[in-house]
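Tertiary structure, described
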Amino acid sequence: DNQVRPRKERKARKRSNTTESDKHADKNTQDEQTKNDVVGGKGSGCRAHGEKLMVVLRELVTTALSAGRTVHLTGHSLGGGLTTVLALDIVINFPEVPIKRLHVWTFGAPQVVDEAFLHS
């Protein structure tokens, strides 16, 4: 609706019986519904499989690597940290999965392990 309206019509459109608190409540309801649509409800994980996202990603990556496919994991900031954790999880907990074709690319990722972790 990019048409220019006469001044009176624009003013009339701004006035409404909806209060600011009603608008805020509606936005919160919409935001909550969006969260539920994306992740299948609070804390329920990936709705398509009924599992947590990291479990689904782990399965996808290990299956692809076991089939001889090349996998590139990438992420920025928090996504980079999660990418690193996923790759470490696969390397440490799935020694039977070939990792020659696993490539990890992160940008601005936080440090997710330290010396104590590496030596444990």
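Residues numbered from 1 in each chain as written. Predicted model: local features only at pLDDT ≥ 70, side-chain atom pairs only at ≥ 80, totals over all residues. Heavy atoms only, no water.

Moving on to a nonpolar patch on the surface. A contiguous nonpolar patch, built from Val91, Ile92, Ile99, Phe117 and Leu118 and spanning about 450 Å² of accessible area, is present on the exposed surface. Residue assignment for the nonpolar patch shows that the elements contributing at least two residues are α4 (78-93) and α5 (115-118). Within the secondary structure layout, phenylalanine 117 lies in helix α5. The class for phenylalanine 117 is partly exposed, based on a relative accessible area of 38%. (Patch = residues over 30% accessible without salt bridge, like charges linked within 9 Å, V, L, I, M, F, W, Y side chains within 5 Å. Areas by Shrake-Rupley, 256 points an atom, 1.4 Å probe, with all protein chains shown as cover. Salt bridge = Lys/Arg side-chain N within 4 Å of Asp/Glu carboxyl O. Helix = DSSP H or I, 4+ residues; strand = E, 2+ residues; numbered from the N terminus. Buried < 20%, exposed > 50% of the residue type's maximum accessible area, 1.4 Å probe, protein only.)

Here we come to the side chain of aspartate 89. Along the polypeptide, aspartate 89 turns up in helix α4. Residue aspartate 89 is classed as buried on the basis of its relative accessible area, which comes to 16%. Filtering out sequence-adjacent residues up to four positions away, aspartate 89 remains in contact with Arg58 and Phe94. (Contact = heavy atoms within 4.5 Å.)

Before going further, it helps to spend a moment on the pattern of salt bridges. Per the stated rule, a full pass over the model turns up one salt bridge. Among the ionic pairs, aspartate 89 bridges to arginine 58, the shortest N-O distance being 2.3 Å. With aspartate 89 in helix α4 and arginine 58 in helix α3 (residues 53-66), this residue pair connects regions lying 31 residues apart in the sequence.

Note that strand β1 (residues 71-76) and strand β2 (residues 102-107) share six bridges and pair parallel. Directly across from histidine 72, in β2, lies its bridge partner histidine 103. Each parallel crossover has a hand, and for β1 linked through α4 to β2 it is right-handed. (Pairing = 2+ DSSP bridges. Right-handed = clockwise from strand over helix to strand, strands pointing away.)

We now examine unusual backbone geometry. The phi angle at serine 77 is positive, at roughly 60°, despite the residue not being glycine. Take serine 77: its relative accessible area is 33%, and that puts it in the partly exposed class.

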